[in-house]
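Remarks on the overall topology
Here is how the chains run, residue by residue.
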Amino acid sequence: EDDDEGLLLPTSMAAACLEHFAGDTIIHVGELYGDTLSLDQAPWGRSSSKEFQERLAAEYHCILKMKLKNNWLHVRDTLSVWKRSEMCCLVFGGDDDDKGGKAGSDASSSSGSGVEEAYYKYIPPEEKLPENMAAPCVAHLFGPKSNDKK
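So, here's what we can say about the structure. Each chain has its residues counted from 1, running along the sequence as written. Given that this is a predicted model, residues contribute local features only at a pLDDT of at least 70 and side-chain atom pairs are listed and counted only at 80 or more, while totals for whole chains, interfaces and linings are drawn from all residues. Side-chain metrics in this entry use all non-hydrogen atoms of the structure; hydrogen atoms and water are not considered.

Describing the side chain of S12
Quick reminder of the rule: Numbering of helices and strands runs from the N terminus, with a helix taken as a DSSP run of H or I at least four residues long and a strand as a DSSP run of E at least two residues long. We call a residue buried when its accessible area falls under 20% of the maximum for its residue type, exposed when it is over 50%, and partly exposed in between, using a 1.4 Å probe and counting protein chains only.
On the secondary structure map, S12 appears in the segment before helix 1 (13–20). Among the residues examined, S12 registers a relative accessible area of 15% and is labelled buried.

As structure tokens, this is what we get:
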């Protein structure tokens, strides 16, 4: 849906709320993309829209995710806590011969200066979720646990 200025307005209530939310913490209860079992019917789950989840992942980072104790057999609802991410800008300087950066680059560049800027989320180390996860059937691929040493 377009407003008078041609900007796209959110189409879901959750996305509209997130657009106006000024706080730093979001608590989400329900399925998120990648966790749902009904991919053909609801790849983004049935709790919040694709639009909301994309914006949530772009502007926030998850600091807690836990399975709910009682779920229906066909759903994988979780409680997750998301914290607003700080954005940082990395500036890449070009050579004197460089005329405005690489063509087709996703990063924004200053016109004719050869300087490129790229924006990234900064997530403090104490707020990062573990990156290594494995199902029990393949957990042995991580190697022995430190408390398994003899």
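Regarding the layout of surface pockets
So the rule is basically this: The pocket and cavity definitions rest on a 1 Å grid over protein atoms only: a 1.4 Å probe that fits but cannot leave marks a cavity, an open set with protein on both sides within 12 Å along at least five of seven lines marks a pocket, and residues lining either have an atom within 4 Å of a point. Grid points are joined across faces, edges and corners, and a volume is the space filled by probe spheres set on the points. By the convention adopted, Pro, Cys, Tyr, Trp, Phe, Met, Ile, Leu, Val and Ala count as nonpolar, Lys, Arg, Asp and Glu as charged, and the other residues, Gly among them, as polar.
Approximately 400 Å³ is the volume found for the largest pocket. Forming the walls of the largest pocket are 14 residues, and the residues nearest its centre are D35, C62, K65, L129 and M133. Among the secondary structure elements, those contributing two or more residues to the lining of the largest pocket are helix 2 (50–59) and strand 2 (60–67). Along the lines of polarity and charge, the residues of the lining of the largest pocket split into eleven nonpolar, one polar and two charged. In this model, the second largest pocket occupies a volume close to 160 Å³. Looking at the second largest pocket, the residues that line it are D35, K65, M66, K67, N71, V75, R76, D77 and T78. Sorting elements by how many residues they give to the lining of the second largest pocket places strand 2 first, with three residues. Residues of the lining of the second largest pocket, tallied by class, amount to two nonpolar, two polar and five charged.

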